[in-house]
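Take a look at the letters that make up each chain.
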Amino acid sequence: TRSTRPQRLLRAVQKKAIKGDPQSVISTIDYFCRHSEWAMNVGDEKGAILDSVVCEVSPSTALELGTYCGYSTVRIARLLPPGTKLITLEFNPDYAAVARQIIEYSGLQDKVRVLWTDGVNHIYICLVEGASGDLIPKMQELFGIKTFDFVFLDHWKDRYLPDTKLLEECQLLRKGSILLADNVICPGTPDYLEYVRNSPRYESKYFKSHLEYTKVEDGLEKSVFLG
Ligand code: SAM
Ligand code: MG
């Protein structure tokens with residue numbers, strides 16, 4: 001049977017990237033997606049904006065909605081301070097299986113823990129298989145997370161708004177929490193944009209860029225939760 005795109009992307013990483021080197025894994029995936037097959041990773045151009053926001057926030061708790069192959073997970077994880085908890089949610093088990101291998105290959109495997117009771121010198125990545133709508137209400141119960149400092153929204157576009165409201169309802173946002181949303185122009189998330197731009201509970205800013213690996217306009221929306 002024919003392999004899937006995530007499997008081919010994983011094979012490219014195993015063949016070409018330096019094991020234990022997150023930057024090399026990221027560059028290998030970007031090269032593969034520019035020269036072989038397009039894939040829905042945030043990519044290198046918007047990835048640079050993501051990097052700068054992660055560095056600026058320097059979160060100790062972070063949530064990623066939509067793992068896919070783990071590209072953005074590795075990208076975010078490589079910049080996190082020790083002790084950080086990064087939870088990433090993916091409801092497709094085939095994608096989650098590939099992402100686990102890519103995260104491990106990048107050398108972040110020591111940092112993959114389901115529970116984070118041991119030590120503070122690692123960051124803890126937890127890839128949870130399941131739907132955001134089911135898992136967001138369980139963050140406190142499953143991981144003891146009270147609030148997230150940083151949330152990266154990059155799952156299906158019609159879920160950005162309901163999941164943001166769910167994060168609010170579950171009191172997982174604190175004054176100053178940062179939401180960073182990908183693909184707000186392409187494919188686009190009009191209801192989400194209208195909400196964060198007009199709600200008095202957010203201060204929101206657009207970062208213009210391009211859809212991953214193309215010249216089509218897309219961008220990231222960074223929104224500060226004001227409480
Ligand atoms: N963040 C990844 C990156 O930049 O490397 C790309 C994520 S991809 C654009 C979106 C992913 O979200 C898909 O793998 C899809 O299966 C997953 N997804 C979509 N809706 C979801 C939901 N409600 N809960 C969990 N995962 C979801
Ligand atoms: Mg995206």
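Before going into details, it helps to say that this report is about the structure given with it.

About the thresholds
- Residues numbered from 1 in each chain as written.
- Chains lettered and ligands numbered in written order.
- Predicted model: local features only at pLDDT ≥ 70, side-chain atom pairs only at ≥ 80, totals over all residues.
- Heavy atoms only, no water.
- Helix = DSSP H or I, 4+ residues; strand = E, 2+ residues; numbered from the N terminus.
- Contact = heavy atoms within 4.5 Å.
- Areas by Shrake-Rupley, 256 points an atom, 1.4 Å probe, with all protein chains shown as cover.
- Buried < 20%, exposed > 50% of the residue type's maximum accessible area, 1.4 Å probe, protein only.
- Donors = N, O, S within 2.8 Å, 3.2 Å for Na, K, Ca; no water.
- Disulfide = S-S within 2.5 Å.
- Near = heavy atom within 4 Å.
- Nonpolar A, V, L, I, M, F, W, Y, C, P; charged D, E, K, R; others polar.
- Phe/Tyr/Trp six-rings, centres within 6.5 Å; stacked < 30°, edge-to-face > 60°.
- Lys NZ or Arg CZ within 6 Å of the ring centre and 35° of its normal.
- Pairing = 2+ DSSP bridges.
- Axes fitted to C-alpha atoms, helices over the stretch in contact; angles between N-to-C directions.

1. Focus: the overall build of the protein
Then comes step 1: Check the secondary structure of the protein and you find ten helices and seven strands.
Then comes step 2: By principal-axis analysis of the C-alpha atoms, the protein measures approximately 50 × 45 × 35 Å.
Then comes step 3: Long-range contacts, defined as pairs at least 24 residues apart, comprise 72% of the intrachain contacts of the protein with a sequence gap of at least 6.
Then comes step 4: Accessible surface, the protein: about 10,300 Å² in total, of which carbon and sulfur atoms supply 52%.

2. Things to note about the environment of Trp156
Then comes step 1: Of note, Trp156 is situated in the loop between strand S4 (148–153) and helix H8 (160–169).
Then comes step 2: Owing to a relative accessible area of 44%, Trp156 belongs among the partly exposed residues under this scheme.
Then comes step 3: Considered as a pair, Trp156 and Thr189 are 33 residues apart in the sequence and their alpha carbons are 9.4 Å apart.
Then comes step 4: Excluding residues that lie within four positions of it along the chain, Trp156 makes contacts with Met40 and Phe91.

3. Brief notes about the coordination of the magnesium ion (ligand 2)
Then comes step 1: Protein coordination of the magnesium ion (ligand 2) is provided by Asp154 (OD), Asp182 (OD) and Asn183 (OD1), with donor distances spanning 2.1 Å.
Then comes step 2: Sequence positions of the residues that donate to the magnesium ion (ligand 2) give the spacing D-x27-D-N. For the pair Asp182 and Asn183, one class covers both residues: buried.

4. A closer look at the state of the cysteines
Then comes step 1: Taken as a whole, this structure holds zero disulfides when the rule is applied.
Then comes step 2: Looking at Cys126, it has no disulfide partner, and the nearest cysteine sulfur is the one in Cys170, 18 Å off.
Then comes step 3: With relative accessibility at 5%, the residue Cys126 sits in the buried group.

5. Looking at the site of ligand 1
Then comes step 1: With respect to spatial proximity, 21 residues lie near ligand 1, and among them Val42, Gly66, Ser72, Glu90 and Asp154 are the closest.
Then comes step 2: Burial of ligand 1 by the protein amounts to 98% of the accessible area it has alone, namely 610 Å².
Then comes step 3: For the shell around ligand 1, the elements supplying multiple residues, two or more each, are helix H4 (71–77) and strand S2 (85–90).
Then comes step 4: Grouping the constituent residues of the shell around ligand 1 by class yields nine nonpolar, eight polar and four charged.

6. Regarding the packing of aromatic side chains
Then comes step 1: On inspection of all chains with the given rule, the structure shows five aromatic pairs.
Then comes step 2: Ring plane angle 70 degrees and centroid distance 6.5 Å describe the contact between Phe91 and Trp156, whose orientation is recorded as edge-to-face. In this pair, Phe91 sits in the loop between S2 and helix H5 (93–108) while Trp156 sits in the loop between S4 and H8, placing the two residues 65 residues apart along the sequence.
Then comes step 3: Owing to a relative accessible area of 49%, Phe91 belongs among the partly exposed residues under this scheme.
Then comes step 4: Grouping aromatic residues by their ring pairs yields a cluster made of Tyr195, Tyr202 and Phe225.
Then comes step 5: Taking NZ or CZ as reference, Lys165 lies 5.1 Å from the ring centre of Tyr195, over its face.

7. Remarks on the sheet that holds strand S5 (residues 173–181)
Then comes step 1: In space, the seven strands of this open sheet follow the order S3-S2-S1-S4-S5-S7-S6, with mixed pairing throughout. Edge positions in the sheet fall to strand S3 (124–129) and strand S6 (202–210), since each of these pairs with one other strand and no more. Sheet twist, expressed as the average angle between the axes of neighbouring strands with direction ignored, equals 15 degrees.
Then comes step 2: Bridge analysis of strand S1 (residues 61–65) against S2 gives five bridges, and the strand direction is parallel.

Keep in mind that these numbers describe shape and distance, not what the molecule does.
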